[in-house]
Amino acid sequence: MKSALDKLGITGEIGGAAIGGVWRKTEGKSLTVTSPIDRRSLGVVRECAPADVNAVVDAASEAFLKWRIVPAPRRGEFVRRVGEKLRQHKTDLGEIVSLEAGKITAEAQGEVQEMIDICDFAVGLSRQLYGLTIASERSGHRMMEQWHPLGPVGVITAFNFPVAVWAWNAALAWVCGDPVIWKPSEKTPLCAVAVQRIVSEVMNEMPDVPPGIACLAIGDRHSVGEPLTASEKVPLISATGSVRMGREIAQVVAKRLGRSLLELGGNNGLILTPTADLDLATRAIVFAAVGTCGQRCTSLRRLIVHESRKDEIMRRLTTIYGRLKIGDPMQEGVLVGPLIDEGAFTAMEHALGSATRAGGRVFGGERVTQNVPKGGAYVHPAIVEITPDAAIVKEETFAPILYVMTYKDFQDAIDIHNSVPQGLSSAVFTGDLREAELFLSPAGSDCGIANVNIGTSGAEIGGAFGGEKQTGGGRESGSDAWKTYMRRATNTINYSRELPLAQGISFDVGP
């Protein structure tokens, strides 16, 4: 039986650049891709050199001249067909996500479903790129606002969501009239290759679509990231990753007065109040803390518990953590797969060591070596009882570490929650309407996502996704995030025979 990689033509050494369905023989170094499950080789990709990136950018720029004048509903038809192809390939693509990113099957399939969902959203959006009609202060005049395509969009994605985040950007950018140049993580390039193959199937069915609207450039930050980010032909860079990476990109893009959409760190907190439904909260906490082995930007890092509920929630959590099935993420019943690599395990060890030195009490966190595939970095998710002022609590470690701290009154809980430099996702579990509304108010959570009685992880595509402070301020996916991918034009039309000036200015130059 053919593997998912074989079915999508991922064999042999693959060129690291593609323009639609045409692959370029790239000039960079050879990259062997391994699975975090057991470190076996999955394939080989020849990375891009800067010259390859320039060729891809030029192709996207040329495609933009054609794509921008295609009616938006026709652009939506292309996205609709991409969504249909993703439905057809959902199982195979999900398998590749599991193999390359280490996600359990349910989460991998869910990520592909997220791609399908955003395509559906974007198809409807293609008929809703609305501007405004604005009342003019001058008689015989009308003002209006239009939204026009912006230009090629560079999309830099991380390993933990190797396909969904690209889809959030690509589906919206395409219906807005923008080509997309994708730089995937070097840890998960085969997911990008698979998606590029799927998109090219649609292009074969729609020859009027310029191939350059879907481009791929595989390589590291030096060979691909830097030339892509610096290119003045790419007006928008959308980047998901670390705060350090975001700062570097923001400075380069700002220097050329381009736009950047940043999705960076998320040190997410959940407040557990005296009136919380503990059965509901426990399930939400566990999924948010250990899902994707704690490697989601929305993973729960900090549990802020009322002192009256701490003993009970700790008893529940340690019991469940003790029976979590850890192992090969493609096996039925497994809930926790591997960390992405040894570097992630080292970072987890360092964080737990820092927590211990700060007086924290650690449960779990050990390496798992029994009944798991050899070669992978498997760990017991950790729970750490600690005070909220410990320095390590202010940092985001991309691993399954849950810091547990207590509070006495609700305002203290909000203050603790907002005391970290990141501001992505947040939640409160409460049966008190006043607490819920305060948490959602301007005086409550300072995050871009604030939830009541659900966890921090697992956002729907209908809402804008993103956060504040060191999270970067960008918004992707639903709501009006589409405006980031377009340029606004304000128009004034004079249909009178007079020429009055705004603000009543008189400027008479005679007949």
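Keep in mind that this is a model prediction, so the values were computed, not measured.

What counts and how
Residues numbered from 1 in each chain as written. Predicted model: local features only at pLDDT ≥ 70, side-chain atom pairs only at ≥ 80, totals over all residues. Heavy atoms only, no water. Patch = residues over 30% accessible without salt bridge, like charges linked within 9 Å, V, L, I, M, F, W, Y side chains within 5 Å. Areas by Shrake-Rupley, 256 points an atom, 1.4 Å probe, with all protein chains shown as cover. Salt bridge = Lys/Arg side-chain N within 4 Å of Asp/Glu carboxyl O. Helix = DSSP H or I, 4+ residues; strand = E, 2+ residues; numbered from the N terminus. Buried < 20%, exposed > 50% of the residue type's maximum accessible area, 1.4 Å probe, protein only. 1 Å grid on protein atoms, 1.4 Å probe; cavity = no way out; pocket = protein on both sides within 12 Å on 5 of 7 lines; lining within 4 Å. Points joined across faces, edges and corners; volume = space filled by probe spheres on them. Nonpolar A, V, L, I, M, F, W, Y, C, P; charged D, E, K, R; others polar. Pairing = 2+ DSSP bridges. Axes fitted to C-alpha atoms, helices over the stretch in contact; angles between N-to-C directions. Parallel < 35°, antiparallel > 145°, perpendicular 65-115°, else oblique. Left-handed = near helix turned anticlockwise from the far one by under 90°. Contact = heavy atoms within 4.5 Å.

Where nonpolar side chains cluster on the molecular surface, the patch consists of Leu501, Ile505, Phe507 and Val509 and spans about 450 Å² of accessible area. In this fold, Phe507 is placed in the segment after β24 (486-494). What makes Phe507 exposed here is its relative accessible area of 67%.

Scanning the entire structure with this criterion turns up 3 cavities of 30 Å³ or more. Taken as a whole, the largest cavity spans an internal volume of roughly 40 Å³. Lining the largest cavity are Gly102, Lys103, Ile104, Glu107, Thr292, Cys293, Gln295, Leu335, Val336, Gly337 and Pro338. Classifying every residue of the lining of the largest cavity by side-chain character gives 5 nonpolar, 4 polar and 2 charged.

Okay, the sheet that holds β24 next. The antiparallel open sheet is built from 3 strands, whose spatial order is β6-β7-β24. Each end of this open sheet is capped by a strand with a single partner; those strands are β6 (133-134) and β24. Across 2 bridges, β6 lies against strand β7 (residues 141-149) in antiparallel orientation. Of the residues in β7, the one forming a bridge with Ile134 is Met143.

We now examine the packing of helix α4 (residues 90-101) against helix α5 (residues 105-125). Contact geometry for α4 and α5: axes closest at 8 Å, N-to-C directions at 125 degrees. For the element pair α4 / α5, the angle class is oblique. For the crossing formed where α4 meets α5, the hand is right-handed. Where α4 approaches α5, its residues Lys90, Thr91, Leu93, Gly94, Glu95, Val97 and Ser98 are matched on the opposing element by Thr105, Ala108, Gln109, Glu111, Val112, Gln113, Met115 and Ile116. The residue inventory of the contact of α4 with α5, partitioned by class, reads 6 nonpolar, 6 polar and 3 charged.

The topology assignment puts Ala377 in the loop between β15 (361-363) and β16 (382-385). Apart from the residues within four sequence positions on either side, Ala377 is in contact with Pro36, Pro338, Leu339, Asp341, Glu342, Phe345 and Arg367.

This next bit is on the environment of Leu228. For Leu228, the location among the structural elements is in helix α8 (residues 221-230). Owing to a relative accessible area of 1%, Leu228 belongs among the buried residues under this scheme. Residues Leu228 and Val155, spaced 73 residues apart in sequence, show a C-alpha to C-alpha distance of 9.4 Å. Beyond its immediate sequence surroundings of up to four residues, Leu228 is in contact with Val53, Val57, Gly154, Ile156, Ile181, Lys183, Val234, Ile237 and Arg256.

Spatial ordering of the open sheet is given by β3-β2-β10-β9-β8-β11-β12, a layout of 7 strands whose pairing is mixed. The open sheet has two edge strands with one neighbour each: β3 (22-24) and β12 (259-263). Pairwise comparison of adjacent strand axes, ignoring direction, gives a mean angle of 20 degrees for this sheet. The sheet strands contacting helix α6 (residues 164-175) are β8 (153-156), β9 (180-183), β10 (214-217), β11 (236-240) and β12, and the helix crosses β9 at an angle near 170 degrees. Relative to the sheet, helix α9 (residues 243-255) contacts β8, β11 and β12, its axis offset from that of β12 by approximately 170 degrees.

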